[in-house]
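So you can see what is in the structure, the chains are spelled out below.
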Amino acid sequence: MEQGQLNWIANFIWGIADDVLRDLYVRGKYRDVILPMTVLRRLDAVLEPTKQAVLDMKASLDKAQIVHQDQALRQAAGQAFYNTSKFTLRDLKARASQQQLKADFEAYLDGFSPNVQDILENFEFRNQIPRLSKADALGTLIEKFLSPDINLSPNPVKNADGSMKHPGLDNHGMGTVFEELVRRFNEENNEEAGEHWTPRDAVRLMAKLIFLPIADEIESGTYLLYDGACGTGGMLTVAEETLQQLATEHGKQVATHLYGQEINAETYAICKADLLLKGEGDAADNIIGGPEHSTLANDAFPSREFDFMLSNPPYGKSWKSDLERMGGKDGIKDPRFLIEHAGDPEYSLITRSSDGQMLFLANMLSKMKQNSKLGSRIAEVHNGSSLFTGDAGQGESNIRRWIIEKDWLEAIVALPLNMFYNTGIATYIWVLANRKPAHRKGRVQLIDATQWFKPLRKNLGKKNCELSEEDIQRICNTFVAFAETEQSKIFPNAAFGYWKVTVERPLRLKGIDANRAYSPKEIKTLRETSERADDAPPVIKKIHKKGTEADPLRGLFATMIDGKPFVVEYEADPDLRDTEQIPLLEDGGIEAFLRREVLPHAADAWYVPESVKAGYEISFTRYFYKPQPLRTLEEIRADILALEKETEGLLGEIIGGTV
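Keep in mind the model is a prediction, meaning the values are calculated, not measured.

**Section: helix 19 (residues 395-405)**
Okay, step 1: Judged by how many residues are buried, helix 19 sits mostly within the fold: 10 of 11 residues are covered.
Okay, step 2: Along helix 19, the residues classified as buried are Gly 395, Glu 396, Ser 397, Asn 398, Ile 399, Arg 400, Arg 401, Trp 402, Ile 403 and Ile 404.

**Topic: the sheet that holds strand 11 (residues 427-433)**
Okay, step 1: Taking strand neighbours across the sheet as the criterion, the 9 strands line up as 5-4-3-6-9-11-10-12-15 in an open arrangement whose pairing is mixed. Of all strands in the sheet, those bounded by a partner on one side alone are strand 5 (287-289) and strand 15 (488-492). Each strand axis lies, on average, 15 degrees off the axis of its neighbour in the sheet, ignoring direction.
Okay, step 2: Across 2 bridges, the pairing between strand 3 (residues 221-227) and strand 6 (residues 308-311) is parallel. Within strand 6, the position partnered with Tyr 226 by the bridge is Met 309.
Okay, step 3: Contacting strand 3, strand 6, strand 9 (377-383) and strand 11, helix 17 (residues 357-365) crosses the sheet at an angle of about 175 degrees to strand 9.

**Describing the confidence of the model for the chain**
Okay, step 1: Summing up the model confidence of the chain, the mean pLDDT is 89 and the portion of residues at 70 or higher is 95%.
Okay, step 2: Ignoring residues within four places in sequence, the model shows residues 191-196, a span with pLDDT below 50, making 11 contacts including any to other chains.

**Notes on the packing of helix 17 against helix 19**
Okay, step 1: The N-to-C vectors of helix 17 and helix 19 enclose an angle of 35 degrees; their axes lie 10 Å apart at closest approach. Like other packed secondary-structure pairs, helix 17 and helix 19 cross with a definite hand, here left-handed. Contacts between helix 17 and helix 19 involve Met 358, Leu 359, Leu 361, Ala 362 and Leu 365 on the former and, on the latter, Glu 396, Ile 399, Arg 400, Trp 402 and Ile 403.
Okay, step 2: The residue makeup of the contact of helix 17 with helix 19, split by class, is 8 nonpolar, no polar and 2 charged.

Criteria and thresholds
Residues numbered from 1 in each chain as written. Predicted model: local features only at pLDDT ≥ 70, side-chain atom pairs only at ≥ 80, totals over all residues. Heavy atoms only, no water. Buried < 20%, exposed > 50% of the residue type's maximum accessible area, 1.4 Å probe, protein only. Helix = DSSP H or I, 4+ residues; strand = E, 2+ residues; numbered from the N terminus. Pairing = 2+ DSSP bridges. Axes fitted to C-alpha atoms, helices over the stretch in contact; angles between N-to-C directions. Contact = heavy atoms within 4.5 Å. pLDDT = per-residue confidence, 0-100. Left-handed = near helix turned anticlockwise from the far one by under 90°. Nonpolar A, V, L, I, M, F, W, Y, C, P; charged D, E, K, R; others polar.

Written out as C-alpha cells, the structure is:
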C-alpha cells in the first residue's frame, strides 16, 4: 500500500478521537483509548477468517481437559495470538443495550490470548470501559473503527461489482500506521515524549553507525538485536529494517530476533502491540516489561548475548529504588556491575544513585558476544555528564576506564542541541564494539556534529531541529573515513586517562622536639595544643632503620637526628593536603610532573603511591572549542559613538520635562 493511503488511514483514526472523545477526555488522554482500540480492531480483522476454527479447537481442548492450550490455539488461529470468545467486533456493533454492550465487550476482551491480555493490562484499557459506556460512547467508538471507509484487515475489500474498494493492509503497512499514531500522540504530549520516544532521525543515525562499518562482513544467518530501555520499540524496528536492507544490498539473507525490556507500562504495551501488528509474534514474546521489570534490578535476559544493541536510557533519573532492591551499594553482587578488571576482582561499576544512565551501558556490555566473528556492536545515547562525572575510582569513571582500557570505544558523536522533545541539553551517541577493525585499535574518534542539522518549521516541544538524510550521511561518512578533520579528532586511548594523586606536606608545629618520633596518640594531643607555623619543624611519625634509602617524593626524607643521618617519615598536615590530576601520557609520568609542577612551590611535598587511582574523562569542549575573536578597538569605539548619537538630546528632554 502506498504511503499516501497509509497516511489517510492514520488521519481517519486520528479523527475518531476528536469525533468520539472530545467531551470525555482531554487531548493528552486520547491515546489511552485510541491506541488499544486500533490494536483490537486490527487483531479482530486478522482473526476473522479462523474464528470458527479457534472456537472448535477450544471446545475440543476443554472436552479433553487439556490445561495448556496456548500453542494449539495459536495453530488454529494461524497467528501468534487468538480470541476464544464467541464475539467479534462486528457482533458487538449491533448491541442496542448500553449495559449488554459493556458486558459483551468485556467478555470479548477476556477471550484474547495471554500476550494480548498483557498488552491490554499495561494499556490499562479496561479502566476506560466504564467511562466510555456511561457516556454511551463505546458503541460509537466500535462503529467508527468498523467504518467501511477504512480497511484495517489484511484482506482486500471489494465493491458489489467485484472491483477493488480498499486494498488489504499488510503487517508492515499496519505497523507504519500504528507508529504514525504513536508519533503524533507523543508529539502532542511533548513533555512526556522525550522520556520514551527517541526522534527517528537520531535512531536512523544510530542504526547506520553500528551497521555501516561491518556491512561487507554481514553473512547470511541469524542476528539478535537488543534494547535494554526499549520504550515503544522504535530503535529495534529501525535497526532491524536497516540490517535487512544492508543484507539485501549485499546479497545475503538474514533472520533477526528482537529483544527488549521496558519499565513503563504503556510504552511497553505499545512496543509489544506494534510487533504483534507487524506479524512479529515471536519478537513480541521477547519484549519484557511493566513496573516490576526494571532492567537494572531485574534483568530479563541474564544469560543472553546479542549481536547488535541500541538504547536511549533515561538521563539524570534516580535508580535508588533499584539500588535498594539489589541489596544497597555494599550488597550488590550483580556480575553486570561488579566485575574483574585491572587486577581488582571486585571492580565496581556502581554509579551515583541519582543517575543510572551509565549502568544501562554496563548492562549492554555484559551481553556482548565473545565468540563470534563480528562480536557485538553497540550504539547508545547519553547526555554530557557521562563523559566526565565521577571521580577516579568512582562508578562512572570506572565504566569509562573499563571500556577504554578494553579498547571497546570506537567513537562518540556530539549531536546538535535541541534534538530531543523535552530537553535542550547536549547529547552524544557512544559507538562501541568488541571487534574493532585493525585501523581503529587503540584509538578513539570524536565527531562534532553539533552544526549538522536542519531547522524544523515548527518546534516540537524543545525539539527545534532534525538530522536530514544529508546530515546523517555526512556523519556516517566522517565516521567511516576515520580521518582528522575540523569535525573529527582521533586520539590514543590513553589520552583520556589520568592519575589522581594525593600530595601531602608535613605537619609543622611550634615547640616540638625535632629529634624524636611521636606516637599517634601524642600527635593527636599536639594537634590540639600546639600552634602551626610554616617555619616550625616537621613532626616525625616514624624513624626508619639504617639502610633505608631516602625517597623524598614518596615521603622518605633524609635528616639529621642528634647529629646522625636518618631516614624519616613526617606526619601529614590534612589542611595542606592536595590532589593532582596527571595525564597518563605525561612525559616522565607522575614523578616528572611533581618535580616540575609541585616541588618548585612546595619543596617538602610528597605523594602517596597507594593513593594513586586511574580515572578517565572525555572533554569535547577541550578538543573542539573555538574562542570567539575579540572585537577591535575601532569596532568598540564605533558602537559607543552610535549609542551616543542615539541618545543625543534624550537627557535634555528628560531634564526639560521636569522643569
